Amino acid sequence: MSALTALARLEAVAARRARPLATVRHCHLSATPLVVIPLRLAGEAGAPLAVMLGGARDEPVLLAVPQPRNRDLRFAFAAELGKVLLEYVEASRGVAEDLGPSKDGEDRVRYTGAPQLVLPNTGGVAFLRLLGRSTRFRRTEGEHAVEPAVPALGRWLTWFAERRDRPGSSLTLALTEALRLHWATGQSSVEDANLAALLGWIDPPDGLDGPAAATIAEDPARTPPAGPATDPKFDNDVLAPAIAAFDEGADGAGERVREALRTQLAPTWELCWRALDLLAALPEGASVAGRWERDRDAFTHFHQTFAEGVPQARRDSAVGAARRLHRLERAQESYEAQRAFDDPLVMAEYRLEGLAFGGTVTEADPERLDESGKRPKLRPRLRVATEDPLRLEPGATVCDAARPKVKGKIVEYGAGEVLVELTGGLGKKLTPEPGTVPEAGARVVFTSVTEGSFGPARFPEHEETPWTHGGPPAEYVPDARDAGEAWS
Amino acid sequence: MTVDPATAADAVVAAVLADLDAGHRGIVVDSPPGAGKSTLVVRATAHLAAAGERTMIVAQTNEQVDDLIERIAARHPDVTVGRLSAAGYAPSERVRAAPSVKVAGKADDLADRAVVIATAAKWATLSEGSWPWAIVDEAYQMRSDMLLRIAGRFERALFVGDPGQLDPFSTVEVERWTGLAWDPMRSAVSVLLAHNPNLPVHRLPVSWRLPASAAPVVARAFYPFTGFRSGTGPGDRRLEYGAGGMGTTYDRALDEAASSGWALYELPARHALRTDAEAVRATAALAVRLLQRGPVAHSELGSHPVRADRVAIGAAHRDQVTAIRAALGEHGEGITVDTANRLQGREYDVTVVLHPLSGRRDATAFHLEAGRLCVLASRHRHACLVVARAGIPELLDAHPSAEPVHLGVPVKFPDGWEANQAVLAHLAEHRVRAEA
């Protein structure tokens, strides 16, 4: 935990209310999200019990499995869920924008919209990942055939789960995580994983403070858990008898199970929408749209290749794993840098660590030329008065947080002053482009945080996997044995 | 002990060189701290050059590349060396000084060179060209995804490295590959051996750097199954001060370090910030006081005064390093202060270490990592002083390592928790308490 986060949490304890950690919203919020609250059967890692989902606050759709141990009922549920999800995906994509041909001359398009799944917590996301894994290999013909919507659901859920590993992606939001990115509470991170308690600290109901609201939230009788695990007392006293009645074929027993589950899901449904309201009230960070564009690119690609694709392999190949790690590390670096550029409160963390400094420009020489080489080079210099505890050495590369393309290096540092020489991002002429060099008196922040240190990397092709990594892998061909995976 | 250290070490080197001619696809050499790893790389390079094989050498940092070039050029001036480097690289003085070395940004310009050397990152930018042999230095510090990117450039390879040092790391946390033989987060050597279990693995048996006082401690804590011994015997290395002490706790700690090779300067127990002002001050003061007392080192190589460039201070975090640098001021000018990651592979006469667990409330996997402590405790030729707050053994007892065990992942030895306890138990015999 960083020093500023620790401070914010201490202040939250003292104030009995959450403290902000961000001044802008760092995740994209879709105008038409799909809120999904899954529940699973206690004691069964992959057996779905119910899901409440929908894109409208007053129209939650409840899907439930009256007997989760019955394989046919579970697949019927998966097929229903698949249909709802596919319908949502199709509705969310908008139209295809033409981006002009790529370097290789191929036509590029990007959908104007993309789906966004909103779950109450990371446990729910993990359950969807598992559900995706257990449905994507199902066969639609032969023995144990299932409806086509089942493997389609599996492939989409797997895609959502894999895309979520990418830092800065907003296609799947876990609300506890999204809220914690923007607020610090006075409770532990384990307690923060409870959506109701977290919301209690951030936005307590009238007449209550954070701890009091969190206490109510922790009582499963008053606030049912947000899933995917259910309250054991509910399991024993309500759910088990209802399922037993269904097994005995009692009249209306299926409906009884559904209604019981609805009581557990409805409060969380309301909480999810409240959490979305809170996030929506924050202004969007400047880089959020750019990251959402990457999400839309990924969505467009997956959607367009869905028909000819096969289920995602169970394991990454050696080359696939290395490529993915590289992509994730690049995304992580640029996500962290962009958040700092977008948000002074996030940048304050780096300033405290000495990786950034802010202050007023006391002297500016915007047209200074370095004539030591063969050709003169534009090298403006700035003197910045700062009280920040800078820990960068002279020679360190920095960029202007307000214009990250403007690069420079530290020439001297001492006695509350930093001399910065700008080296790039000023245009191609020997005089700087207007607006690139700060004037005397301007407030500036420079930082060594950058989003471009990971360049694109070259990897061998799959068929050229070297002997050090086991040699080329056999090509993946889906076959009947894939479907042999157990459901729970 | 029946065989003298030099003979034992020579036997291993000879076996490695013999394996180079034996048609193996890969050879792994494990080297404890200061066991002559670089010397082995130089000898293997010369051996391959003499056999007429073109060789590529892969190092992890530009500094390591330059170190190797300097050694090869000095020892084998007849071997033509090419240094492949990125566009912005300005050759350092020691590289320019060697007439047998040519620097270029493109591999084609170095086609005539018997040996081409570059960092792994630079090698990874090449998309063609092939060398019959590669020597990969510090292979345990290279991630396996990097090996994947460069493995197409060579047919056979010699991997040299220290398994006890810090593992490579990633900025993202992903569990998706845990247990896979080609997990990109694992080290190059562990992935190589997972797919090629029959490759010969050699171990250099003698540390020439660590003194007789340190080798058994480090070997027991960090290399419990393979072990190694020191190349020098008790009494071969001595540290003396020109000026006597004044009886302060700093002086007593320095005297203890001079006589036993180790000292634990213990501050009162307290939970502190990472940049614990008292601990930082004590760490810097010990190093400055050391220099003030005019230390002279006597060893098998002769006697020399220990100046600032032969002293290093190690810490776990960068902010600690910055704080210690600031505390050193001008009296400590020239002393190296760095994190464990950046001290890897370096050697000094005396080191002062701020213990990674000093003043902490918890012991995380980062702070418990055996490699971190191993690096910090094995950089010295004469003495190592550790600064720590009291209470670390109790902290360790309160935080047993609770990392989950995964299928398909080899159990990591040594266990960081156990290694920490072993080192602390030894240090406790050399404790000097600061005045409260």
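Residues numbered from 1 in each chain as written. Chains lettered and ligands numbered in written order. Predicted model: local features only at pLDDT ≥ 70, side-chain atom pairs only at ≥ 80, totals over all residues. Heavy atoms only, no water.

Colleague: Outline the pairing of strand S1 (residues 26-30) of chain B, listing residues and values.
Modeller: All names here are of chain B. Judged by how many residues are buried, S1 sits mostly within the fold: five of five residues are covered. Alternating residues of S1 divide into Gly 26, Val 28 and Asp 30 and Ile 27 and Val 29, and every residue in both groups is buried. The sheet contact formed by S1 and strand S8 (residues 201-203) spans three bridges and is parallel. Within the sheet, the bridge partner assigned to Asp 30 lies in S8 and is Arg 203. (Buried < 20%, exposed > 50% of the residue type's maximum accessible area, 1.4 Å probe, protein only. Helix = DSSP H or I, 4+ residues; strand = E, 2+ residues; numbered from the N terminus. Pairing = 2+ DSSP bridges.)

Colleague: Hey, could you go over the domain arrangement of chain A for me, with residue numbers and the actual values?
Modeller: All names here are of chain A. You can read the domains of chain A as domain 1 (3-314) and domain 2 (343-447). Counting residues at the interface gives nine residues for domain 1, matched by seven residues for domain 2. Each partner contributes to the roughly 570 Å² buried at the junction of domain 1 and domain 2, and carbon and sulfur atoms together form 61% of this total. The interface formed by domain 1 and domain 2 contains zero salt bridges. Here domain 1 and domain 2 share three residue pairs in polar contact (both at pLDDT 80 or more) between them. (Domains from an automatic or database assignment. Contact = heavy atoms within 4.5 Å. Buried area = accessible area lost by both parts, 1.4 Å probe. Salt bridge = Lys/Arg side-chain N within 4 Å of Asp/Glu carboxyl O. Polar contact = N/O pair within 3.5 Å; in protein donor to acceptor, adjacent residues only side chain to side chain.)

Colleague: Break down the sheet that holds strand S17 (residues 443-447) of chain A for me, with residues and values.
Modeller: In a beta sheet, neighbouring strands are held together by backbone hydrogen bonds and run either parallel or antiparallel to one another. Residue and element names in this part refer to chain A. As summarised here, the arrangement of the six strands in space is S10-S13-S16-S15-S14-S17, forming a closed barrel in which the pairing is antiparallel. Put simply, the sheet's adjacent strands are angled 45° from each other on average, direction ignored. Bridge count for strand S14 (residues 397-400) against strand S15 (residues 403-414) is four bridges, and the pairing is antiparallel. Looking at S15, one finds that Cys 399 is bridged to Lys 407. Here helix H13 (residues 344-353) sits on the sheet in contact with strand S10 (356-365) and S17, set at roughly 85° to S10. (Axes fitted to C-alpha atoms, helices over the stretch in contact; angles between N-to-C directions.)

Colleague: Could you give an account of the state of the cysteines, with specific residues and numbers?
Modeller: Residue and element names in this part refer to chain A. Evaluated as defined, the whole model comprises zero disulfides over all chains. Distance from the sulfur of Cys 27, which forms no disulfide, to the nearest cysteine sulfur (Cys 272) is 14 Å. Residue Cys 27 is classed as buried on the basis of its relative accessible area, which comes to 7%. (Disulfide = S-S within 2.5 Å.)

Colleague: Would you mind going over helix H11 (residues 318-328) of chain B in detail, with residue names and values included?
Modeller: Residues and elements named next belong to chain B. Where H11 is concerned, the buried positions are Asp 319, Gln 320, Val 321, Ala 323, Ile 324 and Leu 328. Contacts from the buried residues of H11 go to helix H10 (277-292), strand S15 (311-315), strand S16 (336-339) and strand S17 (348-354). Gly 329 sits one or two positions beyond H11 and adopts a positive phi of about 60°.

Colleague: So what's going on with the interface of chain A and chain B? Which residues, and what values?
Modeller: At the junction of the two partners, chain A supplies 28 residues and chain B supplies 35 residues. Summing both sides of the interface, chain A and chain B together bury roughly 2,700 Å²; the carbon and sulfur share of this comes to 63%. The three residues of chain A that bury the most area against chain B are A:Arg458, A:Trp467 and A:His469, which together make up 32% of that side's buried surface. Here chain A is connected to chain B by four salt bridges. The partner of B:Arg176 in a salt bridge is A:Asp316, and the shortest N-O contact between them spans 2.8 Å.

Colleague: I'd like to hear about the sheet that holds S1(B), residue by residue, with values.
Modeller: Residues and elements named next belong to chain B. Reading across from one edge, S4-S3-S5-S2-S6-S7-S1-S8 is the order of the eight strands in this open sheet, with parallel pairing throughout. Each edge of the open sheet is held by one strand with a lone partner, namely strand S4 (101-104) and S8. Within this sheet the neighbouring strands show an average axis-to-axis angle of 20°, counted without direction. Contacting S1, strand S6 (131-136), strand S7 (154-161) and S8, helix H1 (residues 5-20) runs over the sheet at an angle of about 160° to S8.

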